Amino acid sequence: MRKRGKNKLHVGVIIFATAIIISFTVQCDKSEPEGSIKPPVTVEKEIPFDKTPKWSEMVVYEVNPLVFGPDGTFSNITERLSDIKDLGVNVLWLMPIFPEGQLNGVGSPYAVQNYTEVAPSLGNITDLKQLVKEAHKLEMAVIIDWVANHTAWDNPWIENDSWYTKDSQGNIINPPGTNWQDVAELNYNNEEMRNEMIKSMKFWVETCNIDGFRCDAVDFVPFDFWKQAIDSLQAMEGRSLIFLAESGKKESLTAGFQFNYSWDFQSKLVSIFKNKTAANQLATTHMAEMSQVPEGRNKLRYITNHDIYAWEGSPYEQFGNNEAALAAFAATVFSGGIPLIYSGQETGYQEKISFFELNPIEWDNTPTITSEIKQIIKIRKENQDFINTSFTSYSTSDIISFLHKKSNSELLVLINTRGGNASFTFPTELQNKQWTNLINNTNTEYSTKTEMMPYQYIILKR
């Protein structure tokens, strides 16, 4: 566990009511003559980002700061923004940026020591602002991880013990049913705490021009709070905010989150590729998940994220090899929903990736995998109108296959989930037709069947 320092600055703020300029006066330190005042410093007010993508067009990249560069800082991330953008990403999700708790701490960034400070190991608030500003220049929105269910034991809020859940003896407790001994559970029956939580979320929107939040452990917090918070944040003038829920429940979407997790879809993919479960079961899982999605909402589709990569294994380990992982990724991208790429996934990194300690990655070791991910996302973007329509499944026991239709056009996806060759027989209505293979830009007429190589994916359009 790395030691964390705490920066104590005494800042007095004078706000002048102008539309463009805010002036800040910083209190002098004790070494200056008593009564001396520094002249106000004028800075240009940040303009809200006006290119937040529609949910149907989002491609999310989860940033684990500890894999970026030798230091794991905001600056290291900023240096790689162009590379992230080149993947086809338009939403950047930063894992928790706050100081980590030291009391009972285990090094987890999800033990928040202070909701309105940044971890000194990441840099300072100016570094964060610069990261957001550069991301916006590249037309990427930035959302931050928000941990609302609990705080670290040394968070200043702990002094208000009524803000926390207690046992029958009056002792503050960690979240029930978990082994999270490094955090204390908040009490959402306390209105004062709820209001302070919302105020803290607004701080990052107003101060750093953040474009929304990925909210942790959403099901642990009452859904009426999420509706209260999201309604209040969405009412902020000039903002179009993004809300991603770490939840699989419909209630999170009706509370205001635009999209939530596809846990079942990911686990079914692992079962198909690793355990040889019949590939046609994926369509059933897809339909079951989507049946719980209200109009105008969606699911986050992924093969990995920070929890999976850290505790269950890399995509290489989860799916058997990198070719299988790419094929599984294609299934998440073309089935519908909003695709997620996690830091390191684009390199085919084969070991587990920690989010508790530095784990720098060599980014240029596997250009073929990076190139294939770029191509998959590019094809999706060029055919976005197809992807968000319902599909017809033609999957077999070995091959995932689904057809998207729009007007008189069709998009057919074929994915071999096995490590050996497999044959796909076209359904009668699709036989003897001319297709464009979007992977290699060739025109081919398929009569009745095609042979697929191990873990091959084919995207056909006509």
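Provided above is the structure to which this section pertains.
None of these values were measured; they are calculated from a predicted model. (Residues numbered from 1 in each chain as written. Predicted model: local features only at pLDDT ≥ 70, side-chain atom pairs only at ≥ 80, totals over all residues. Heavy atoms only, no water.)

Turning next to helix 3 (residues 125-137). Along its 13 residues, helix 3 runs 18 Å from first to last C-alpha, staying within 8% of the 18 Å computed at 1.5 Å per residue. Buried-residue contacts for helix 3 involve helix 1 (74-79), helix 2 (81-86), strand 4 (91-94), strand 5 (141-147) and helix 4 (191-208). Note on helix 3: the residue one or two positions beyond its end, Glu139, has a positive phi of about 60°. (Helix = DSSP H or I, 4+ residues; strand = E, 2+ residues; numbered from the N terminus. Expected span 1.5 Å × (residues − 1). Contact = heavy atoms within 4.5 Å.)

Here strand 17 (residues 433-437) runs beside strand 18 (residues 442-446); their pairing, made up of five bridges, is antiparallel. By the bridge assignment for strand 18, Asn437 is matched with Thr442. Between strand 17 and strand 18, which pair antiparallel and follow one another directly, the connecting turn spans four residues, one of which, Asn441, has a positive phi of 55°. (Pairing = 2+ DSSP bridges.)

With that settled, consider the pattern of salt bridges. Tallied over the entire structure, the rule returns 15 salt bridges. Here Glu134 and Lys137 are joined by a salt bridge, their closest N and O atoms 3.3 Å apart. Linking Glu134 with Lys137, this pair stays in helix 3, spanning three residues, or about one helical turn. Lys137 gets classed as exposed once you look at its relative accessible area, which sits at 57%. Each of Asp145, Arg214, Asp216 and Glu246 takes part in salt bridges that share partners, so that together they form one network. (Salt bridge = Lys/Arg side-chain N within 4 Å of Asp/Glu carboxyl O. Buried < 20%, exposed > 50% of the residue type's maximum accessible area, 1.4 Å probe, protein only.)

With that settled, the discussion passes to the sheet that holds strand 15 (residues 409-416). With antiparallel pairing, six strands are arranged side by side in an open sheet as 13-14-15-20-17-18. Across the chains shown, the open sheet's two edge strands, defined by having one partner strand only, are strand 13 (391-393) and strand 18. Adjacent strand axes in the sheet meet at a mean angle of 30° when their direction is disregarded. (Axes fitted to C-alpha atoms, helices over the stretch in contact; angles between N-to-C directions.)

In terms of nonpolar packing, the biggest core is built from 124 residues, with Trp146 and Phe273 touching the most fellow members. For this core, the element with the highest residue contribution is helix 11 (residues 322-334), accounting for ten residues. Here Trp146 is in contact with Phe98, Tyr115, Met197, Ser200, Met201, Trp204, Phe213, Arg214, Cys215 and Asp216, once residues within four sequence places are set aside. Among the nonpolar cores identified, the runner-up in size contains 14 residues, and Tyr394, Met452, Ile458 and Leu460 belong to it. (Core = buried A, V, L, I, M, F, W, Y, C linked by side-chain atoms within 4.5 Å.)

Tracing the backbone through its elements, the reader meets Phe329 in helix 11. Sequence spacing of Phe329 and Ser240 is 89 residues, and the spatial spacing of their C-alpha atoms is 29 Å. Once residues within four sequence positions are removed from consideration, Phe329 is found in contact with Ile303, Leu340, Ile341, Gln345, Ile373, Ile376 and Ile377.

What follows concerns the pairing of strand 17. Two elements, strand 17 and strand 20 (residues 457-461), share two bridges in a ladder whose sense is antiparallel. Its bridge partner lying in strand 20, Asn437 is registered against Leu460.

On to the sheet that holds strand 9 (residues 242-245). One closed barrel accounts for eight strands, arranged 3-4-5-8-9-10-11-12; its pairing is parallel. Sheet twist, expressed as the average angle between the axes of neighbouring strands with direction ignored, equals 25°. Taken together, the four bridges between strand 4 and strand 5 define a ladder with parallel strand orientation. Counted as the bridge partner of Leu92 is Val142 from strand 5.

What follows deals with helix 8 (residues 281-290). Listed as buried for helix 8 are Leu282, Ala283, Thr285, His286 and Glu289. Down the axis of helix 8, the smallest arc covering the buried residues is 160°, so these residues share one side. Those residues of helix 8 that are buried are in contact with helix 7 (263-275), strand 11 (298-301), helix 11, strand 13 and strand 14 (399-406). (Arc of directions from axis to C-beta.)

Position of Thr389 among the secondary structure elements: in the loop between helix 13 (384-387) and strand 13. The exposure class of Thr389 is partly exposed, given its relative accessible area of 24%. Residues Thr389 and Ser335 lie 54 residues apart in sequence; the distance between their C-alpha atoms is 9.3 Å. Setting aside anything within four residues of it in sequence, one finds Thr389 in contact with His404 and Lys405.

Turning our attention to the packing of aromatic side chains. Summed over all chains, the structure comprises 27 aromatic pairs. With a centroid separation of 5.2 Å and an interplanar angle of 25°, the aromatic rings of Tyr115 and Trp146 are classed as stacked. Linking Tyr115 in the loop between strand 4 and helix 3 with Trp146 in strand 5, this pair joins segments that are 31 residues apart in sequence. On the basis of relative accessibility, which here comes to 2%, the residue Tyr115 falls in the buried class. The buried category is assigned to Trp146, whose relative accessible area is 0%. Aromatic side chains Phe391 and Phe402 sit 4.7 Å apart centroid to centroid with 25° between the ring planes, which places their arrangement in the stacked category. (Phe/Tyr/Trp six-rings, centres within 6.5 Å; stacked < 30°, edge-to-face > 60°.)

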